Amino acid sequence: MVKSNASTVAQYLAELPDEQRAEIEAVRDVILANLPDGYVEVMDWGLITYSVPLEVSGPTYNKKPLLYVALSAQKRYYSVYLTTVMEEFEESFRTRWAETGKKLDMGKACVRFKRASDLALDIIGTQVASLSVPEFLDWHAQNRAKAAARAR
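Because the structure is a prediction, the values reported are computed rather than measured.

**Describing the layout of surface pockets**
Now for step 1: Space inside the largest pocket adds up to approximately 450 Å³.
Now for step 2: Lining of the largest pocket is provided by 18 residues; of these, Tyr61, Leu66, Thr83, Met86 and His140 occupy positions nearest its centre.
Now for step 3: Taken together, the elements giving at least two residues each to the lining of the largest pocket come down to strand 3 (66-73) and helix 6 (133-151).
Now for step 4: Looking at the lining of the largest pocket element by element, the count peaks at six residues for helix 6.
Now for step 5: Of the residues assigned to the lining of the largest pocket, the class counts are eight nonpolar, five polar and five charged.

**Remarks on the packing of helix 4 (residues 90-98) against helix 5 (residues 121-129)**
Now for step 1: Here helix 4 crosses helix 5 at 155°, and the two axes come no closer than 9 Å. In terms of their interaxial angle, helix 4 and helix 5 are classed as roughly antiparallel. Viewed along their axes, helix 4 and helix 5 form a crossing whose handedness is right-handed. In this structure, helix 4 uses Phe93, Arg96 and Trp97 to contact helix 5, whose residues at the interface are Ile123, Ile124, Thr126 and Gln127.
Now for step 2: Classifying every residue of the contact of helix 4 with helix 5 gives four nonpolar, two polar and one charged.

**Considerations on the pattern of salt bridges**
Now for step 1: In total, this model carries seven salt bridges according to the counting rule given.
Now for step 2: In this structure, the salt-bridge partner of Arg21 is Asp18, at a minimum N-O distance of 2.8 Å. Residue Arg21 and its partner Asp18 are located together in helix 2 (residues 18-34), separated by three residues, close to a single helical turn.
Now for step 3: Relative accessible area serves as the criterion here: at 59%, Asp18 is assigned to the exposed category.
Now for step 4: One network of salt bridges, in which partners are shared, links Glu19, Glu23 and Arg115.

**Here's the deal with unusual backbone geometry**
Now for step 1: The backbone phi angle of Trp45 is positive, close to 60°, even though this residue is not glycine.
Now for step 2: Mapped onto the elements of the fold, Trp45 is located in the loop between strand 1 (40-44) and strand 2 (47-52).
Now for step 3: The phi angle at Lys63 is positive, at roughly 65°, despite the residue not being glycine.
Now for step 4: Residue Lys63 is classed as exposed on the basis of its relative accessible area of 68%.

**Quick word on helix 2**
Now for step 1: Taking 1.5 Å of rise per residue, the 17 residues of helix 2 would be expected to cover 24 Å, and the 24 Å separating its terminal C-alpha atoms lies within 8% of that figure.
Now for step 2: Along helix 2, the residues classified as buried are Gln20, Glu23, Ile24, Val27, Arg28, Val30 and Ile31. Buried residues of helix 2 fall within an arc of 155° about the axis and therefore sit on the same side. The outward face of helix 2, more than 90 degrees from its buried face, is lined by the exposed residues Asp18 and Ala33.

Thresholds applied
- Residues numbered from 1 in each chain as written.
- Predicted model: local features only at pLDDT ≥ 70, side-chain atom pairs only at ≥ 80, totals over all residues.
- Heavy atoms only, no water.
- 1 Å grid on protein atoms, 1.4 Å probe; cavity = no way out; pocket = protein on both sides within 12 Å on 5 of 7 lines; lining within 4 Å.
- Points joined across faces, edges and corners; volume = space filled by probe spheres on them.
- Helix = DSSP H or I, 4+ residues; strand = E, 2+ residues; numbered from the N terminus.
- Nonpolar A, V, L, I, M, F, W, Y, C, P; charged D, E, K, R; others polar.
- Axes fitted to C-alpha atoms, helices over the stretch in contact; angles between N-to-C directions.
- Parallel < 35°, antiparallel > 145°, perpendicular 65-115°, else oblique.
- Left-handed = near helix turned anticlockwise from the far one by under 90°.
- Contact = heavy atoms within 4.5 Å.
- Salt bridge = Lys/Arg side-chain N within 4 Å of Asp/Glu carboxyl O.
- Buried < 20%, exposed > 50% of the residue type's maximum accessible area, 1.4 Å probe, protein only.
- Expected span 1.5 Å × (residues − 1).
- Arc of directions from axis to C-beta.

Listed below in structure tokens is the structure:
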């Protein structure tokens, strides 16, 4: 994964070539338009992240804000990371995407794309808008508890 050392989103965008910046900004605009109140946009992990601040979530296992969505430019493609397309939300996400007729290139929670126009941006927007901060914190806690129970 290509990581940036930029400390702000503006710096990250400025360091991208024009074509890459345009693709990232198109997806960023959709994320920002649909992001529920309470999430913050910051640079973390070398990517643009949309997270729950530690003051709201409380301590996390890695002492970093709880990641909800992230966006990055890679060497040959781009990625949007949607943490809530795992577990019980994955099937619905895949079904809604398939209905658009667009090809889905997805890893565990990472949707890869070469152009913003390759994405079902309305589905991305709906997914971003799907959980308020309190709902996301509840969902995250439930999934951590399930993972802990499976590990026993």
